[in-house]
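Here is how the chains run, residue by residue.
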Amino acid sequence: MAFSLSRLCLLGAALLCVPLLHASEPTPAAAASTPDSELIQRGQYVAQLGDCIACHTAKGGATMAGGLELKTPMGTIYSSNITPDKDTGIGSYSFEAFDRAMREGVTPDGSHLYPAMPYPSYAKMTEEDMRALYAYLMHGVEPVAQGNLEADMGFPFNQRWGLWFWNLVFVDKQPFKPDPAKDEQLNRGAYLVQGLGHCGSCHTPRGIAFQEKAMSDSESGGQHYLAGETVEEWRALSLRNLWTVEDTVQLLKTGQNRFATVSGNMADVIHHSTQHFTDADLTAIAAYLKSLPAGKDDLPMPSVALTPAAPPNDLFTSRGGLGYAQFCSDCHRQDGAGVPQMFPSLAGNPSVASANPTSLLHITLTGWKTAQTAAHPRVYTMPGFAQLADGEIAEILSFVRSSWGNNGSAISAEQVKKMRAQLSPQVESTLFETPRLANLLAAPNAEQVVRGMRLHLETKALLPDNVGNSLNCTSCHLNAGTVADGSPFVGVSAFFPGYAPRAGKTITLEERINGCFRRSMHGKPLPVNGADMQAMVAYFEWMKMNTRPEDKVAGRGVGKIDPALKPNADNGKQVYAKQCAVCHGADGEGLKRADGSLIFPPLWGDQSFNIGAGMARTYTAAAFVKRNMPIGFHEKFPLGQGGLSDQEALDVAEYFSHQPRPDFPDKVKDWPNGGRPADARY
C-alpha cells in the first residue's frame with residue numbers, strides 16, 4: 001500500500017524500448033588519455049541523476065551490461081550493454097557519437113533508438129554533464145563482454161526507419177534554457193526533472209503517437225506535464241504541486257515520508273538514484289514540483305501531519321472491515337496509521353486515495369517492498385494477496401478507500417479480475433485452508449462469534465481484569481488464529497475434551513483457554529459459564545469446520561525444530577539485535593506508539609508471558625519463530641513471515657525465552673504423571 005512516483009523509463013514500456021546501442025560501425029575513439037578523477041566522479045553523479053543503472057543492469061547481471069528484459073504490448077526488448085567494452089559495449093564510441101545517441105536517439109551506424117530510451121529528455125543536458133557522463137562510462141565502469149540481444153518486435157514496430165519522422169515531429173534537440181523569470185534553484189530543479197531525471201517518461205500523459213504531451217511546463221500543452229499516467233499496470237501519479245518541499249525531499253532521500261511510501265519500480269529509483277542526490281539538488285527538485293500549478297489532480301496534497309484516526313465503525317460489522325482486520329491490521333493497524341519506518345499509513349495515502357486505483361490493485365495482488373536506503377537499510381515487504389478471491393479483495397480495498405478520512409470510490413470484483421488477468425500473479429499452493437473472518441457475519445450466532453473473535457484479537461483491551469500483561473491471544477495465535485503454523489484455531493475444538501500431559505488429566509476447551517489466561521497472559525481465568533468464555537468457545541466451534549477428533553489438520557500448531565540441534569544463546573543475542581529488536585525492543589519491551597499504546601508485544605519482562613507459558617520453552621518458541629518471524633521479511637502469505645534458519649530460530653528462542661519474566665505459582669502442579677519436557681523452565 002504505497003505511493004508510486006516512478007520515473008523509470010522501463011516503466012514506460014508503452015514507449016517500446018531502452019537504448020539498443022550498436023558498435024557494429026564504430027567511430028574513432030576519443031583521446032586515449034584518462035580524464036581526471038574529478039570529472040569521472042562528477043560523471044558518476046550524473047549517471048545517478050539519470051538512473052542509468054536501472055535499465056542497463058539485468059537482475060543478477062553485471063552493472064551496466066544490459067540484458068534487462070522488457071515486455072511490451074508490441075513485443076519484447078532488451079536493454080543494451082553500455083560498459084566500455086569495445087566489441088559489445090560502447091567502448092568504441094567517440095564523444096560525438098555518444099552525444100548524438102543521447103540527444104537524438106541515433107547510433108553510430110545510423111540506427112534509430114526506440115523513444116523509451118528517454119533521449120527527448122536527455123537532449124536537455126548541458127555539454128558539461130554529457131562530457132562528464134561519457135568520461136564516467138568510459139573510465140569509471142568495468143568493461144563487460146556481453147553481447148546485446150535483439151528486440152523481438154512485431155510489424156510495424158520493428159521498422160526503425162519510421163522513427164525519423166517521429167523525431168522530426170516530437171524531439172527538440174536544444175539543451176535546457178533557464179527561465180529568467182525563475183531563480184537559480186527553480187531552474188536547477190526544472191533542469192533535473194525535465195532532463196536527466198526524465199520524470200515525464202512515466203508521469204506525463206501520452207499522445208496518440210506515444211509521445212509525451214508536454215516535455216516541460218512552459219511549452220504549449222504544459223498543463224499536461226507531470227499530470228499523471230498509467231504505465232505497466234501502475235499509476236504514476238501527478239507530481240504537480242507536490243507536498244511541502246521538506247516532505248518531497250524526504251521521500252526522494254529515504255523512500256518514505258509522513259504521507260506515503262514508494263512502491264513498484266520507484267523503490268529501485270530511490271535505491272539506485274535519488275537517495276544519492278545532494279540535498280541542494282533534492283531541494284531544487286522538490287521546489288520545482290511544488291511550483292507547478294495543480295491540474296486535474298487525483299492526488300491529495302496535505303501539508304500538515306495526519307492525526308490518529310479511530311478504528312472505523314464498521315471494522316467488525318462489514319465483510320470488508322473483517323477482511324481488513326484479518327489480513328491487514330497487523331501491519332497497517334486498526335487506525336490505518338501503519339508502523340512508522342516499517343509499514344505505510346493508509347490514511348490519506350496517495351495510492352489508496354487516488355481516483356485511479358491501478359497501483360493499489362497492483363500492490364494488493366503482487367506485493368510490495370520498501371526502498372533500501374542509507375536511512376532505511378532494512379527492506380520490509382508485503383506479500384501479494386492473490387490467494388484471496390476477487391470479491392474479497394474488492395471488499396477489503398473498498399473498506400480501505402472509504403475509511404480514516406479516505407474518500408475513494410468502491411472497488412468492484414470485475415476491476416480486480418481484470419487486473420489479475422493482466423498481472424497473472426502466482427498463488428502459493430497449500431493444504432491449509434485459511435478461514436475468512438468475513439464469513440463470521442453469515443453465522444446464525446454472528447454477534448456472539450464476532451465477539452469471540454474480538455476477544456482473541458483485542459484481549460487486553462476487552463478483558464483488562466483477566467489479562468495481567470500486555471499480550472493478546474493473537475500475539476501467539478496469529479491473525480486471530482487463522483495462520484498456518486501460527487497456532488491456528490482451525491479444528492481445535494474437535495480435540496476437546498482431551499488428555500493434557502502438563503495437567504496430567506483430561507481437560508475441557510474452557511480449561512485450556514483459562515490455562516492461557518493464567519500462563520501466557522499472566523492473568524486470571526474467565527468464569528466458565530460467563531458470556532465472554534462462551535463467546536470464545538463459540539468462535540472455536542465456528543473454526544472447527546468439519547474436523548473430526550481423528551483428523552490431522554494441516555498447519556496445526558507451530559511445527560517442530562530438530563531436537564538434535566543445540567542452542568547458542570550468544571548467537572541468539574546477535575540474531576535478536578539484528579532481526580527482532582526493531583519490533584520487540586532492544587530490551588524486549590515491545591514497540592509502542594507515542595501515546596503508550598502497544599504495536600508489537602514484549603518478549604520478556606513484567607508485561608510478557610510467564611515461565612509457565614508454552615512460549616517459555618526453547619524448542620516451542622523456536623518452532624514458532626522459524627515459521628512466523630520476522631513479519632514483513634519475505635513474501636509468504638499472509639504476513640511476509642519467516643526467513644530465519646532452524647539454528648538461528650533456536651538460538652534466538654534460547655536467548656529471549658530465558659530472559660527475566662514473571663513466575664508461575666502453580667508450576668509445582670505441572671506434569672504430575674511425569675513426562676516433563678527437557679526445555680521446560682522449571
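Since the structure is predicted, the reported quantities are computational estimates derived from the model, not experimental observations.

### A closer look at the nonpolar core
Judged by nonpolar contacts, the single largest core of 103 residues is most densely connected at Y324, F343, M453, Y539 and F656. Broken down by element, this core gets its largest block of residues, 9 residues, from helix α22 (residues 531-543). Residue contacts for F343: discarding those within four places in its chain leaves C331, G338, W368, Y380, T381, F600, I631 and G632. Core analysis: the second largest hydrophobic core is formed by 70 residues, A47, L70, Y225 and L292 among them.

### With respect to the pattern of salt bridges
Per the counting criterion, the structure on display carries 24 salt bridges. Residue D281 pairs with R188 through a salt bridge whose shortest N-O separation is 2.8 Å. You can see D281 sitting in helix α11 (residues 279-291) and its partner R188 sitting in helix α7 (residues 184-196), a full 93 residues away along the chain. Of the residues examined, R188 reaches a relative accessible area of 28% and is grouped as partly exposed. Across the pair D532 and R451 runs a salt bridge, and its minimum N-O distance is 3.1 Å. With D532 in helix α22 and R451 in helix α18 (residues 446-457), this pair connects stretches of sequence that are 81 residues apart. Of the residues examined, R451 reaches a relative accessible area of 31% and is grouped as partly exposed. Through salt bridges with shared partners, a single network forms among R518, D666 and K669.

### What about the UniProt feature "domain: Cytochrome c" (unreviewed entry) in the chain?
What UniProt calls "domain: Cytochrome c" (unreviewed entry) maps, in this numbering, to residues 38-141, 184-293, 307-404 and 567-660. Across residues 184-293 one finds 43% helix and 5% strand; the C-alpha atoms that close the span lie 19 Å apart. As a span, residues 567-660 carries 41% helix and 5% strand, and end to end its C-alpha atoms are 18 Å apart.

### Examining the state of the cysteines
The full count for this structure, using the stated rule, is 0 disulfides. No disulfide involves C580; its sulfur sits 8.5 Å from the nearest other cysteine sulfur, which is in C583.

### Regarding the packing of helix α9 (residues 245-254) against α11
Orientation of α9 relative to α11, taken along the N-to-C sense of each, is 125 degrees, at an axis distance of 8 Å. When the axes of α9 and α11 are compared, the pair comes out oblique. Our pair here, α9 against α11, has a crossing hand that is right-handed. Contacts between α9 and α11 pair V245, T248, V249, L252 and K253 from the former with D279, L282, T283, I285, A286, A287, L289 and K290 from the latter. Residues that form the contact of α9 with α11 fall into these classes: 8 nonpolar, 2 polar and 3 charged.

### With respect to helix α15 (residues 358-366)
Buried residues dominate α15, accounting for 8 of its 9 residues. Taken as a whole, α15 has its buried residues at T358, S359, L360, L361, H362, I363, T364 and L365.

### Some thoughts on unusual backbone geometry
Residue F496 is joined to P497 through a cis peptide bond whose omega torsion reads -5 degrees. Residue placement: P497 occurs in the loop between α20 (478-481) and β8 (498-500). Cis peptide bonds are those with omega within 30 degrees of zero, and the linkage from M629 to P630 qualifies with -10 degrees. In this fold, P630 is placed in the loop between α24 (618-628) and α25 (646-657).

### With respect to the environment of S493
On the secondary structure map, S493 appears in the loop between α20 and β8. On the accessibility criterion, S493 (5% relative accessible area) is buried. Residues S493 and Q174, 319 residues apart in the sequence, show an inter-C-alpha distance of 75 Å. In contact with S493, other than residues within four places in its own chain, are L509, F540, E541 and K544. Side-chain polar atoms of S493 contact the side chain of E541, separated by 3.0 Å.

### As for the packing of helix α12 (residues 319-327) against helix α16 (residues 390-401)
One way to put it is that α12 packs onto α16 with a least axis distance of 7 Å and a crossing angle of 95 degrees. Relative to α16, the element α12 lies roughly perpendicular. Facing R319, G320, G321, G323, Y324 and F327 of α12, the residues of α16 in contact are E395, I396, F399 and V400. Considering only residue class, the contact of α12 with α16 consists of 5 nonpolar, 3 polar and 2 charged.

### Some details on α22
In a regular helix each residue adds 1.5 Å, so 13 residues correspond to 18 Å; α22 covers 18 Å between its end C-alpha atoms and thus fits that length. Of all the residues in α22, the buried ones are M533, A535, M536, V537, A538, Y539, F540, W542 and M543. Buried residues along α22 sit in contact with α18, α20 and α21 (509-518). Looking one or two residues beyond α22, the residue adopting positive phi is M545, at roughly 55 degrees.

### Let's talk about the packing of aromatic side chains
Per the stated rule, a full pass over the model turns up 21 aromatic pairs. Between the aromatic rings of F95 and Y134, the centroid separation amounts to 5.6 Å while the plane-to-plane angle is 75 degrees, which identifies the pairing as edge-to-face. One end of the pair, F95, is in helix α3 (residues 95-104); the other, Y134, is in helix α5 (residues 127-139), and 39 residues separate them in sequence. Aromatic pair Y576 and Y655: ring centres 5.7 Å apart, planes at 55 degrees, arrangement tilted. Of the two residues, Y576 sits in helix α23 (residues 569-584) while Y655 sits in helix α25, which places them 79 residues apart along the sequence.

### Notes on the side chain of D129
Structurally, the position occupied by D129 is in helix α5. Taking relative accessible area as the criterion, D129 reaches 7% and is therefore assigned buried. Among all residues touching D129, those that are not within four sequence positions of it are R42, V46, Y191 and L196.

### Regarding a nonpolar patch on the surface
Together, W161, W164, F165, L168 and V169 make up an exposed nonpolar region whose accessible area comes to about 630 Å². One can find W164 in helix α6 (residues 163-170).

Scoring rules and cut-offs
- Residues numbered from 1 in each chain as written.
- Predicted model: local features only at pLDDT ≥ 70, side-chain atom pairs only at ≥ 80, totals over all residues.
- Heavy atoms only, no water.
- Core = buried A, V, L, I, M, F, W, Y, C linked by side-chain atoms within 4.5 Å.
- Buried < 20%, exposed > 50% of the residue type's maximum accessible area, 1.4 Å probe, protein only.
- Helix = DSSP H or I, 4+ residues; strand = E, 2+ residues; numbered from the N terminus.
- Contact = heavy atoms within 4.5 Å.
- Salt bridge = Lys/Arg side-chain N within 4 Å of Asp/Glu carboxyl O.
- UniProt positions renumbered as here; feature names shortened; annotations may be inferred.
- Disulfide = S-S within 2.5 Å.
- Axes fitted to C-alpha atoms, helices over the stretch in contact; angles between N-to-C directions.
- Parallel < 35°, antiparallel > 145°, perpendicular 65-115°, else oblique.
- Left-handed = near helix turned anticlockwise from the far one by under 90°.
- Nonpolar A, V, L, I, M, F, W, Y, C, P; charged D, E, K, R; others polar.
- Polar contact = N/O pair within 3.5 Å; in protein donor to acceptor, adjacent residues only side chain to side chain.
- Expected span 1.5 Å × (residues − 1).
- Phe/Tyr/Trp six-rings, centres within 6.5 Å; stacked < 30°, edge-to-face > 60°.
- Patch = residues over 30% accessible without salt bridge, like charges linked within 9 Å, V, L, I, M, F, W, Y side chains within 5 Å.
- Areas by Shrake-Rupley, 256 points an atom, 1.4 Å probe, with all protein chains shown as cover.

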